[in-house]
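# Observations on chain architecture
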Amino acid sequence: MDARNNAESKKPAMPADSGARYNFKETEAKWQRVWEERRTFRASEKAPRPKYYVLEMFPYPSGRIHMGHVRNYTLGDVVARYKRARGLNVLHPMGWDAFGLPAENAAIENRVHPAKWTRENIAAMRRQLKSMGLSYDWSREIATCEPDYYRHEQKMFLDFLKAGLVYRKESMVNWDPVENTVLANEQVIDGKGWRSGASVERRRLAQWFMKITTFSDELLDDLKTLDRWPERVRLMQENWIGRSEGARVNFPLADRADRVEIYTTRPDTLFGASFIALSPNHPLAQELASKDKALAAFIAACNHTGTSEAAIETAEKLGFKTGVRAGHPLRPGLELPVYVANFVLMEYGAGAIFGCPAHDQRDLDFARKYSLPVIPVVAPSGKDKASVAVANEAYVGDGTLINSDFLDGLPVEDAKRKIVAHLEEKGLGERAVNYRLRDWGVSRQRYWGCPIPIIHCGACGIMPVPEKDLPVVLPEDVSFEKPGNPLAHHPTWKDAACPKCGSPAQRETDTFDTFFESSWYFARFCSLSPDTAFARTAVDYWLPVDQYIGGIEHAILHLLYSRFFTRAMKQCGYLGIKEPFAGLMTQGMVCHETYQDSRGAWLYPEEVRREGATVVRASTGEPVVVGRSEKMSKSRKNVVDPEAIIATFGADTARLFMLSDSPPDRDLEWTDAGIEGAWRYINRLWRMVFQAKATIAPPGAAKPAQLSERAQDARAAIHRTIAGVSGDLERFHFNKAVARIRELTNAIEGLGDEAGAGSVLREGLATITLLIAPMMPHLAEEMWRGLGHGTLAADTPWPVADPALVAEESVSIAVQVNGRLRGTLELPRGTDRATAEAAALSLENVERAIGGKPIRKVIVVPNRIVNVVV
RNA sequence: GCGGGCGUGGUGGAACUGGUAGACACGCAGGUCUUAGGAGCCUGUGGAGCAAUCCGUGGGGGUUCAAAUCCCUCCGCCCGCACCA
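Residues numbered from 1 in each chain as written. Chains lettered and ligands numbered in written order. Predicted model: local features only at pLDDT ≥ 70, side-chain atom pairs only at ≥ 80, totals over all residues. Heavy atoms only, no water.

### Observations concerning the packing of aromatic side chains
Aromatic rings in a pair are described by how distant their centres are and how their planes are angled relative to each other. How we decide: Pairing of aromatic rings covers Phe, Tyr and Trp, the last through its six-membered ring, and needs centres within 6.5 Å; plane angles under 30 degrees mean stacked, over 60 mean edge-to-face, and all others mean tilted. For the purposes of this entry, the term helix denotes a DSSP run of H or I that reaches at least four residues, the term strand denotes a run of E that reaches at least two, and both are numbered from the N terminus. Exposed residues in this analysis have more than 50% of their type's maximum accessible area, buried residues have under 20%, and partly exposed residues fall in between, with area computed by a 1.4 Å probe over protein chains only. The criterion is that NZ of a Lys, or CZ of an Arg, lies within 6 Å of the ring centre and within 35 degrees of the ring normal, and then a charge sits over that ring.
Scanning all chains against the criterion turns up 46 aromatic pairs. For the ring pair tryptophan 520 and phenylalanine 534, a centre distance of 6.5 Å and an interplane angle of 45 degrees mean the geometry is tilted. With tryptophan 520 in the loop between α14 (515–518) and α15 (521–524) and phenylalanine 534 in the loop between α15 and α16 (536–542), the pair connects residues that are 14 residues apart, well separated along the chain. Across the pair, exposure class does not vary: tryptophan 520 and phenylalanine 534 are buried alike. Taken together, Phe157, Phe160, Trp208, Phe215, Trp440, Phe512, Phe515, Phe516, Tyr561, Phe564 and Phe565 form an aromatic cluster joined through their ring pairs. Lying across the ring of phenylalanine 209, lysine 169 places its NZ or CZ 4.7 Å from the centre. One residue, arginine 507, lies across the ring of tryptophan 493, its end atom 5.7 Å from the ring centre.

Right, dumping it as structure tokens:
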């Protein structure tokens, strides 16, 4: 689920010794033990409180956690612990997205079995996550590579098949001709296989598809209901689904009986058409290639680009003139050349387009390259037919139709309607809605995935595995010696009897895309029932997920597949909801500056040392080039290992640093100074309780009758902080919450022994303890105990702000002259306009700035600003 | 190529629906305690200027009494693109 890079590095510098110091090692282990013994974070459906389901994207078990995980899971834990303190019945589970390519790569490179590798990685990462003190209900842990998980998705697949949501068709894969293997897009580098270096071919293969397009409209329309998702994610999904309205138009072919159908979103520009372009995989292109060696060679060349859209779109636009000519549907006698072009996608629209160079940049580039006519048919408003000329820039804006027969003079939108009506009337075309979204291909020619429960029988065809025979268990006795899919090489696993006729048949050797597992795991966490995917009562109670948290890199695919799966499960009676994630928070990356020696070799952060303004290699003293901050990645060695950080500074310090400064959705810059700053603050809080300078009133002491002015101010600060932090946490402004708590720390630190100070100091410390509890849970428990409580901070309700103390009685108002600040006023809240204006005008500095010039206007915004315009 | 985003002091960031730019930190400087300090505590810190004041939110332009915030345009960087997860 997470991106590929995981940190791996050595120890950071030891923190400076501050004499009496918070012993995080013992303290963190102690409270983790207490939480576990008391089952503090076990979730139950039976609690009478309202439910709240917090979920972080589960990790791929790469072997070690990286800072991205630390950030993600800290964010989730703050939400979980905060909501818990607010009295909600919280479900906060964790598991492992355990199938995937890296395990197979490890098997090939290190001769470790994927199952062993994965299970060991899970054990190592579970230990690391536990050291972070996260409030998971570990009794609900799942690993998707285990049959007790994937058996249920095999059943789901069969149900989807029955429901008509699954079908089989041919589609393109990246084929490595040397390794005889299908390659993932990430294994194709510049059109070459990553291991073999051989030029990759596009090859057709029969595969299983999920009919996600059945729900195109629903998936699009229901985005509107996801009001707790980031706007940008909804926009990305909207663009991905890519609904467009246009027309399908038929072009007759010269000297042939058939026609070619194209899809266009700009039917209004039909009179500007100057060529037809077919996808290399278009049936007509394929047919012509069978008789034309040069065309066949061109298509073969096109097929040496990988299958990824980025690769196809960034490749140089090339066309091949087939010699076939198409008649213009509305201009008798006009013939257009038919090209095969490498940028036309078979998967989109009709796999063929008409080119209108004057009003589409790509078509224009193509027309210039192959010397095709450019006929402007839309004039920008204000321009007439004679003055319209197209040079190197296509005009894609609105305007009035020209050179277009009966459309002349119409605005673009009217022209679209009119021409489509005309085409429909003449039987030459029709209005059409098209989607960019394609059905989801789920077949993978890989070993380490969930077997697709299908049997191929020579006589009966494709047969689902009977439910009683589930799960189809992935065999572990396989060999990675030969290239290709080990499942296909297994001596006996493939052999099966046809469920219908009983004759010898073969199992499907493809496995599911690993997005399959992550498309329903959120439901499995609700109940680990052994016989079914989940208990209906449990999902009815817990789902949807109230807050989902993870990387922005999943903004489209994972989230869209999960939304689809939820609808498919609903259709098959598994559950009753459509949208799996009611709230979504996407987090930014963790970055670090990069270091290179004079030869350009990357250096780990702990291999370098700062010497004043310069950075040198610690071992040799030679200067080091400091590069800009980038996402932590093994390849650049700009990684910091969370385990080393936790061992040196403790989990709370790491957690605090993850929350300070950067808002969750922005990138976070990892710095040594930052982690040390967090560590110092933690010690400062600890000292305030355990080495207090002033007297903290004993627990349960009577409230003092008198409070000094300073103590009163401190109390007001305490209650304003409660209100502010609560609001910040509700909106996930964790960095602001931290800043506010630090402000409160500053405010109460100065309390001495004046009237009531001890009592206010206790109130302040207790408040800080509870406010930091979601962020620094171990320290909070320790402080809570230190303040004399026998209960757990984790079981203590969130503090409540006294509204009387939160309201401020006076406000500071800015006074401007001509928009420039000339002074400030301290006035009672709610001072009327006239009084504020008079007070402003009487300020000495304001008078000087006015300098006797006549006052034209005075703008007064109550409680905010007075602006004098002269 | 297409789609989405980001850009504020030396640094990370704050600034609510347009209303005192720089909260809170890091760093730096000075002071203090100390046998010592990469500890703690106190003070200062956007830039220029003795000052009044001026200049400042990636660049340029616009709207407004008032713009980091709204509009146009340009630049730089990042993410996704369907077999990485």
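### With respect to unusual backbone geometry
A cis amide bond, omega -5 degrees, links leucine 470 with the succeeding residue proline 471. One can find proline 471 in the loop between β20 (461–464) and α13 (486–489). Here leucine 543 and proline 544 are connected by a cis peptide whose omega angle stands at 0 degrees. Summarising the element assignment, proline 544 is placed in the loop between α16 and β24 (547–551). Although it is not a glycine, phenylalanine 732 sits at a positive phi angle of roughly 65 degrees. Judged by relative accessible area, which is 18%, phenylalanine 732 ranks as buried. Within the chain, asparagine 818 stands out as a residue other than glycine whose phi angle is a positive 50 degrees. Structurally, the position occupied by asparagine 818 is in the loop between β32 (810–817) and β33 (820–828). By relative accessible area, asparagine 818 is classed as partly exposed at 44%.

### Side note on the confidence of the model for chain A
Quick reminder of the rule: A residue's pLDDT is the confidence the predictor assigns to it, expressed on a 0 to 100 scale. Throughout, a residue-residue contact means that at least one pair of heavy atoms, one from each residue, lies within 4.5 Å.
Summing up the model confidence of chain A, the mean pLDDT is 90 and the portion of residues at 70 or higher is 97%. Per-element averaging of pLDDT across chain A places strand β28 (residues 608–611) at the bottom with 77 and α15 at the top with 98. Low confidence marks residues 3–19, where pLDDT is under 50. Its contacts with residues over four positions away, or in another chain, come to 44 contacts. Taken over the whole predicted complex, pTM reads 0.93, whereas the ipTM for its chain interfaces reads 0.93.

### Points about the pairing of strand β9 (residues 259–264)
The cut-off we apply is this: In this scheme, strands are said to pair when DSSP sees at least two bridges between them.
When strand β8 (residues 244–252) meets β9, the two strands line up antiparallel, connected through 6 bridges. By the bridge assignment for β9, valine 249 is matched with isoleucine 262. Turn length for the β8-β9 hairpin, with the two strands adjacent in sequence and antiparallel, is 6 residues, and the turn residue aspartate 255 shows positive phi of about 60 degrees.

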